[in-house]
Number of protein chains: 2
Amino acid sequence: MKNAKVNAQTIYESLKEMITCFDVRPGSRITETQVSEYFDVSRTPVRAALQRLEVEGFLNIRPKQGCFIRNIDLVTINNYYDVRLELESMVLRLISEGKNDQELIDLSNDWHPEQLNYGLEITDALKAAEEAFHVELSELSGNNVLVNYLRDISDKIRVVRRMGFPDENSVLFTYDDHYRICQLLLHKDLQQAIDEMKNHIRKSQDTANNVSLKQIYGKKSVFE
Amino acid sequence: MKNAKVNAQTIYESLKEMITCFDVRPGSRITETQVSEYFDVSRTPVRAALQRLEVEGFLNIRPKQGCFIRNIDLVTINNYYDVRLELESMVLRLISEGKNDQELIDLSNDWHPEQLNYGLEITDALKAAEEAFHVELSELSGNNVLVNYLRDISDKIRVVRRMGFPDENSVLFTYDDHYRICQLLLHKDLQQAIDEMKNHIRKSQDTANNVSLKQIYGKKSVFE
DNA sequence: GGAATGGATGTTGTATACAACGATGGATAT
DNA sequence: ATATCCATCGTTGTATACAACATCCATTCC
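About the criteria used
- For every chain, the first residue of the written sequence is number 1, and numbering continues from 1 along that sequence.
- Whichever chain is written first is A, and whichever ligand is written first is 1; the rest continue in order.
- In view of the model being predicted, local features appear only for residues whose pLDDT reaches at least 70, and side-chain atom pairs are presented and counted only at 80 or more, with totals across whole chains, interfaces and linings using the full set of residues.
- Side-chain numbers here rest on the full set of heavy atoms in the structure, without hydrogens or water.
- Note on terminology: near, applied to a residue and a molecule or strand, indicates that one of the residue's heavy atoms is within 4 Å of it.
- For this analysis, a polar contact is any N or O atom pair within 3.5 Å, provided that within protein one partner can donate a hydrogen and the other can accept it, and provided that sequence-adjacent residues contribute only side-chain to side-chain pairs.
- Only DSSP runs of H or I covering at least 4 residues are called helices, and only runs of E covering at least 2 are called strands; the numbering of each starts at the N terminus.
- Classification used: nonpolar for Ala, Val, Leu, Ile, Met, Phe, Trp, Tyr, Cys and Pro, charged for Asp, Glu, Lys and Arg, polar for all others including Gly.
- To define a nonpolar core, start from buried Ala, Val, Leu, Ile, Met, Phe, Trp, Tyr and Cys residues and group those joined through side-chain atoms within 4.5 Å.
- Only protein chains enter the calculation, and the probe is 1.4 Å; a residue is then buried if its accessible area is under 20% of its type maximum, exposed if over 50%, and partly exposed in between.
- Working rule for contacts: check all heavy atoms of both residues, and any pair within 4.5 Å makes them a contact.
- The pairing criterion for strands is at least two bridges between them, as found by DSSP.
- Domain delimitation follows an automatic or database domain assignment.
- Summed over both partners, buried area is the accessible surface (1.4 Å probe) that two parts give up on being assembled.
- For the least-squares superposition of copies, only C-alpha atoms count, and only for residues with pLDDT at least 70 in both.
- Throughout, an axis means a line fitted to C-alpha atoms (over the contacting stretch in the case of helices), and angles, computed between N-to-C directions, take values from 0 to 180 degrees.
- Oblique is the label for any angle not under 35 degrees, not over 145, and not in the 65 to 115 range, which are roughly parallel, roughly antiparallel and roughly perpendicular in turn.
- Helix crossings get a hand from a simple test, with the near helix turned counterclockwise from the far one by less than a right angle marking a left-handed crossing and a clockwise turn marking a right-handed one.
- The term salt bridge refers to a side-chain nitrogen of Lys or Arg lying within 4 Å of a carboxyl oxygen of Asp or Glu.

**Describing the protein's contact with DNA strand D**
What surrounds DNA strand D is a group of 21 residues, the closest being A:Asn7, A:Ser42, A:Thr44, B:Arg29 and B:Arg47. The contact atoms of DNA strand D, taken as those within 4 Å of the protein, divide so that sugar and phosphate hold 60%. Between A:Thr44 and DNA strand D, the recorded distance is 2.5 Å, taken from a side-chain N or O atom to a base nitrogen. Elements that contribute at least two residues to the surface near DNA strand D include exactly helix 3 (43-55) of chain A together with strand 1 (29-30), helix 3 (43-55) and strand 3 (66-69) of chain B. Among the elements that take part in the surface near DNA strand D, helix 3 of chain A stands out by supplying three residues, more than any other. Per-class residue counts for the surface near DNA strand D are six nonpolar, seven polar and eight charged.

**A word on the nonpolar core**
By size, the foremost hydrophobic cluster in this structure holds 83 residues, and its most contacted members are A:Val83, A:Leu87, A:Leu137, B:Val83, B:Leu87 and B:Leu137. If near-sequence neighbours (up to four positions away) are discounted, A:Val83 is found in contact with A:Ile153, B:Leu87, B:Met90, B:Asn143, B:Val145, B:Leu146 and B:Tyr149. Ranked by size, the runner-up nonpolar core spans 20 residues in total, among them B:Ile30, B:Phe39, B:Phe58 and B:Ile69.

**Some details on the protein's contact with DNA strand C**
Neighbouring DNA strand C are 21 residues, the closest being A:Arg29, A:Arg47, B:Asn7, B:Ser42 and B:Thr44. Of what DNA strand C places within 4 Å of the protein, 59% of the atoms are sugar or phosphate. Take A:Arg43: an N or O atom from its side chain is 3.1 Å from a base oxygen of DNA strand C. A distance of 3.5 Å separates a phosphate oxygen of DNA strand C from a polar atom in the backbone of B:Ala8. Listed by contribution, the elements that provide at least two residues to the surface near DNA strand C are strand 1 (29-30), helix 3 and strand 3 (66-69) of chain A together with helix 3 of chain B. Examining the composition of the surface near DNA strand C, we find that three residues originate from one element, helix 3 of chain B, more than from any other. Across the surface near DNA strand C, the residue classes tally to six nonpolar, seven polar and eight charged.

**Quick word on the sheet that holds strand 1 of chain B**
All names here are of chain B. The three strands lie next to each other as 1-3-2, forming an open sheet whose pairing is antiparallel. Since the sheet does not close on itself, it has two edges, and those belong to strand 1 and strand 2 (59-62), each with one partner. The pairing of strand 1 with strand 3 spans two bridges and is antiparallel. Looking at the pairing, isoleucine 30 lines up with cysteine 67 of strand 3.

**Some details on the side chain of B:Arg84**
Tracing the backbone through its elements, the reader meets B:Arg84 in helix 4 (residues 74-97). Aside from chain neighbours lying at most four places away, what touches B:Arg84 is B:His134, B:Leu150, B:Ile153, B:Ile157, B:Arg161, B:Ile201 and B:Ser204.

**Overview of the domain arrangement of chain A**
All names here are of chain A. One can read the domain layout of chain A as domain 1 (8-71) and domain 2 (74-210). Spacing between the C-alpha centres of domain 1 and domain 2 amounts to 30 Å. Each side of the interface is counted separately: domain 1 has six residues, and domain 2 has four residues. The largest share of the area that domain 1 buries against domain 2 comes from Lys16, Thr20 and Phe58, three residues that together contribute 62% of it. Class assignment for the residues of the side of domain 1 that touches domain 2 results in three nonpolar, one polar and two charged.

**Topic: the relation of the copies chain B and chain A**
If you rotate chain B by 180° and push it 0.0 Å along the axis, it lands on chain A with an RMSD of 0.0 Å. Here the transformation between the copies is reduced to the relation of a two-fold axis. No C-alpha of chain B approaches the rotation axis more nearly than that of B:Arg52, which lies at 3.3 Å. Here 100% of the interface residues in chain B have copies in chain A that are interface residues too; the copies meet face to matching face.

**Regarding the packing of helix 4 (residues 74-97) of chain A against helix 9 (residues 190-210) of chain A**
Angle between the axes and distance between the axes are the two parameters that describe a pair of packed helices. Residue and element names in this part refer to chain A. It is the contact of helix 4 with helix 9, at a shortest axis distance of 10 Å, that shows an interaxial angle of 160°. With respect to their mutual orientation, helix 4 and helix 9 come out roughly antiparallel. The element helix 4 and its partner helix 9 pack so that their crossing is right-handed. Along its contact with helix 4, which presents Leu74, Asn78, Tyr81, Asp82, Arg84, Leu85, Glu88, Ser89, Leu92, Arg93 and Ser96, the element helix 9 presents Leu190, Ala193, Ile194, Met197, Lys198, Ile201, Arg202, Ser204, Gln205, Ala208 and Asn209. Here the contact of helix 4 with helix 9 is built from residues that sort into ten nonpolar, six polar and six charged.

**Description of the pattern of salt bridges**
Following the criterion strictly, the structure yields 34 salt bridges over all chains and no others. In this structure, A:Arg161 and A:Glu130 form a salt bridge, with 3.3 Å as the shortest nitrogen-oxygen distance. Highlighted residues: A:Arg161 in helix 7 (residues 144-162) and A:Glu130 in helix 6 (residues 124-139), separated in sequence by 31 residues. Taken as a pair, A:Arg161 and A:Glu130 share a single burial class, namely buried. Where B:Asp177 meets B:Arg180, a salt bridge forms, and the shortest distance between an N and an O atom there is 3.8 Å. You can see B:Asp177 and its partner B:Arg180 sitting in helix 8 (residues 168-186), three residues apart, about one turn around the helix. When its relative accessible area of 6% is taken as the criterion, B:Asp177 is described as buried.

**Thoughts on the interface of chain B and chain A**
Taken together, the contact between chain B and chain A spans 22 residues of the former and 22 residues of the latter. The interface formed by chain B and chain A contains two salt bridges. Where chain B packs against chain A, one counts six residue pairs in polar contact (both at pLDDT 80 or more). Mapped by element, the contributors of at least two residues to the side of chain B that touches chain A are helix 3, helix 4 and helix 7 (144-162) of chain B. No other element matches helix 4 of chain B, which puts nine residues into the side of chain B that touches chain A. For the side of chain B that touches chain A, a count of residues per class yields ten nonpolar, six polar and six charged.

Have a look at this one:
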C-alpha cells in the first residue's frame, strides 16, 4: 500500500471497511505488526485504529496474543434487527409529530418508483443508497441519540443487509417500500407507515437468516 | 497518585468516573501530559484511555490542541431519556414473552417495599443499585444488543439521574415502582407494566430538567 | 512413555524521542 | 495606532526501543 497520507484515521476506515465487507475473515487473527507492514507505518497509528475498532465491537484484543476479528453470530444479528425495528418505529413516530414535510417530500421523490433514480442494477451504489435512506429518515426525527444508535446498527448488519438483494424484483420492492413509507407519513397515517416499515425490515432480516454463511467464511483474508 | 498497577484500563475507568461525576468540569480542557503526570505514567496509556473516551462520546480530541470534556446539553440528555423509554418498554415486552419467572421473583424481592434491602438513606450505594436494577432487568430480555445500548445510556445520564433523589420519599417511591413493575410482569400485565415504567422514567427525567446545572458547572476540576 | 521444565519466539503494553501543526505574543513596518 | 510577520511554545501524532507475558516446542527427568 502506498504511503499517501496514511494515518490512524485512514487505517481505521480501511480496516473497518475490510472487516464489514469480510475481506478479513471473522474469527481470524491479525497482529499490529502485520497491519503496520501492510500500510507501511509504525505500530502506533495501527494501535489507535485497532483499539477504536475494539471499542466499537468489530474485534477483540487479547493481551499479548493478538486481535481477533469478531465472529458473525446469527443470534446477535437478529438482536440488532429487533432493536432496529423498535428504533425505526420510534423514528416514524417522531417524524409524524414534527413538521419536516419538505424534507419528507424530497426523500420520497428520491425513491419514486417511476423515476428509479438509483437504477435497477444491484450495485454497491444502490446498496449504499438504501442504507442512506434509513439514516436520512432517522435524521428527520430530530433525536441525534437515535440517529447514532441506528448508524451503529447499520455498521453491524451491513454485510448481511447487503445480501438482501437477490434479484431486480427486490430492488423494485425497495423503491415501493421507501416511497410508500414517506407518503404514508406525509398523509399522517402513522400506524400504517410503521407496519410498512416493519415489513420492509423483516424482509431484509429474513434473507439474512437464509444466507449461507459459508460464502462469507470461504473468502480469503487480506492479511494471509 | 500512587503508581499501584496503573495502566490504560484503570486510567480509562478513573477518567470516566471523574467525567461522569463532574470532577472535571464539562467544556474544560485536559492534556495528555497533565493526566500522565497526575497518574505518574507515560503518555502512551493515557492516550489509549483518552481515545477510548472520545469514541464513547465523553470528550472531544482536537488535533494539536487538547481534549475537551463534552458539555452537558439538556437537549441531548432528553434525547437519551426518550430512547431509554422506548428501549426499556421493549425490554418489558421481551421479558413478558420469555420465561424468566424465577429471576423476576428474585429481582422483585430485592426491592420489596417492606424489606428495604438498600435502606432509606440516599447513598451512592442506593443510587448504584437503582441503576443496576434497570440493567439486570434488561438482561432478562435475552437481547444483548439491547443491554449494551441501555448500559451506554446509563453512562450518559448518570449524573442527572443521580440527582433524582431529593428526599426519602423518592426512595420509597423507587422501591414501590421497581417492585410493582416486576409483579405486573409476573402477572403478565404487560401494558400496565409499561405504563408504570414510563412514569418511573419520566419522574427521573423531570427532575433532570429541573436541576440547576449551575451546581455542576460550579465544581472545581481535578486537573486545575 | 509421559510429564515437567526451560528457553526461544511472538505479541501486546509502555516509555521516550522526535515531527507536525496550532496558538500566542511581541517586534516591526507602515 | 494598527496590522503583519515571525519566533517560540505547547499539544497531539508518529516512530522506535524496550518490558512483560503467553505460547510453543524441544529437552530432560522420572
